[in-house]
Amino acid sequence: MLLLDGRPVRDAVFDELAKKVAGASRAPGLAVILVGDDPASRVYVRNKEKGCDKIGFLHRTHRLDADTDQATILALVDDLNRDPAIDGILIQMPLPSHLDSDRILAAVDPAKDVDGFHPVNLGLLVTGKPNTVACTPKGVLRMLAHYDIPVSGRRVAVVGRSVIVGRPMSLLLNLKGQMGDATVTMCHSRTPELPAVTREADILVAALGVPEFLRREHVAPGAVVVDVGINRVDDPSAKKGYRLVGDVAAAEMDGHAGALTPVPGGVGPMTIAMLLENTWEAMQRREGGDRD
Ligand code: GUN
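Residues numbered from 1 in each chain as written. Predicted model: local features only at pLDDT ≥ 70, side-chain atom pairs only at ≥ 80, totals over all residues. Heavy atoms only, no water.

**Student:** Explain the packing of helix H6 (residues 135-146) against helix H9 (residues 267-287) to me, and be specific about the residues and the numbers.
**Tutor:** The geometry of H6 relative to H9 is characterised by a closest axis approach of 8 Å and an angle of 110° between their N-to-C directions. Judged by the inter-axis angle, H6 sits roughly perpendicular to H9. Contacts from Cys135, Thr136, Lys138, Gly139, Val140, Arg142 and Met143 of H6 reach H9 at Val267, Met270, Thr271, Met274, Leu275, Glu277, Asn278 and Glu281. Here the residues of the contact of H6 with H9 sort into seven nonpolar, four polar and four charged. (Axes fitted to C-alpha atoms, helices over the stretch in contact; angles between N-to-C directions. Helix = DSSP H or I, 4+ residues; strand = E, 2+ residues; numbered from the N terminus. Parallel < 35°, antiparallel > 145°, perpendicular 65-115°, else oblique. Contact = heavy atoms within 4.5 Å. Nonpolar A, V, L, I, M, F, W, Y, C, P; charged D, E, K, R; others polar.)

Written out as structure tokens, the structure reads:
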């Protein structure tokens with residue numbers, strides 16, 4: 001079984017962006033809003049900051065208390081929408097439950113929505129004319145292209161229908177064109193006889209957020225398995241008291257699947273690379289230049 005390592009693919013994207021930034025008139029700027037102290041979100045945000053530092057992007061993280069009210073966040077988003085130094089705005093999800101996530105995401109200027117979560121950007125994807133596309137699905141496609149795994153004409157099952165991953169992933173794979181043209185089955189944890197459905201797939205994308213949910217019985221022999229899940233499970237023997245596992249029972253894939261993205265080190269690094277690429281592209285569009 002081939003392990004699809006995301007890190008060299010991320011590094012290549014970083015190198016290319018760093019070169020572009022070195023020749024640019026100013027650094028692209030990314031603002032992150034992090035509300036509360038969800039441990040996983042803190043790690044993700046820290047990694048985003050490290051990525052920005054590495055390639056010369058300006059970044060600003062607004063760390064807000066868990067009980068920050070809606071009006072304060074909307075006012076901050078409004079400020080960032082107007083700030084000329086900021087090209088990309090990212091609201092780290094999930095937000096605490098007292099906040100209206102849909103309203104906050106919709107308040108971001110679509111031109112600065114580097115996550116692709118704004119209804120306008122999701123709508124453009126639905127119409128087949130995507131502008132900014134969500135980082136994780138975009139990263140999955142980039143990774144498959146890097147490892148010469150075609151999607152065109154193949155059967156792909158996407159398990160999970162979140163706005164962050166599953167739904168845009170299905171739409172992207174289904175687009176007309178070289179990195180689309182797949183026959184996509186959108187399924188989820190309530191799909192009846194899921195193993196029989198997913199076993200039809202040449203490529204299986206697991207994005208439902210349940211640790212080790214997909215087992216050997218879900219996977220056709222030789223299939224390519226893309227594991228988007230990053231779940232913390234308690235492990236007293238680990239230094240941190242937990243370990244990271246994906247949505248796929250990785251140990252069961254050995255000797256069965258054709259290829260697998262590991263967790264960690266598979267899709268995760270690609271998400272950050274695509275976020276920074278989206279930020280660069282947002283800057284190019286705001287400056288009225290071309291996309292390269
Ligand atoms: N939470 C988990 N993944 C993501 C992501 O890609 N973007 C944001 N904003 N929040 C997330």
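**Student:** How would you summarise the site of the ligand if you had to cite specific residues and measurements?
**Tutor:** In the vicinity of the ligand, the contacting residues are Leu90, Ile91, Gln92, Met93, Asp115 and Phe117. In the model, a nitrogen atom of the ligand is placed 3.3 Å from a nitrogen or oxygen of the glutamine 92 side chain. The side chain of aspartate 115 places a nitrogen or oxygen atom 2.5 Å from a nitrogen atom of the ligand. (Near = heavy atom within 4 Å. Polar contact = N/O pair within 3.5 Å; in protein donor to acceptor, adjacent residues only side chain to side chain.)

**Student:** Lay out the nonpolar core with the relevant residues and their values.
**Tutor:** Where a protein is soluble and globular, its nonpolar side chains tend to be buried together. With 49 residues, the main nonpolar core has Leu30, Leu173, Val224, Val226, Val228 and Leu276 as its most contacted residues. Sorting elements by how many residues they give to this core places H9 first, with 10 residues. Sequence-distant contacts of valine 228, defined by excluding residues within four places in its chain, comprise Thr136, Val140, Val165, Val205, Ala206, Ala207 and Val267. Counting residues in hydrophobic clusters, the runner-up holds 19 residues, among them Val35, Leu76, Val77 and Val108. (Core = buried A, V, L, I, M, F, W, Y, C linked by side-chain atoms within 4.5 Å. Buried < 20%, exposed > 50% of the residue type's maximum accessible area, 1.4 Å probe, protein only.)

**Student:** Break down helix H2 (residues 39-55) for me, citing the residues and quoting the values.
**Tutor:** An ideal rise of 1.5 Å per residue puts 24 Å on 17 residues; H2 measures up with 25 Å between its terminal C-alpha atoms. Positive backbone phi, approximately 85°, marks glycine 56, located one or two places after H2. (Expected span 1.5 Å × (residues − 1).)

**Student:** Tell me about the side chain of histidine 256, and please be specific about residues and values.
**Tutor:** Looking at the secondary structure, you find histidine 256 in the loop between strand E10 (242-245) and strand E11 (259-260). Looking at histidine 256, the relative accessible area reads 16%, which means it is buried. Looking at histidine 256, its side chain comes within polar contact range of the main-chain oxygen of arginine 216, at 3.5 Å. Of note is the side chain of histidine 256, whose polar atom sits 2.6 Å from the backbone oxygen of valine 219. Residue contacts for histidine 256: discarding those within four places in its chain leaves Arg216, Val219, Ala220, Pro221 and Gly222.

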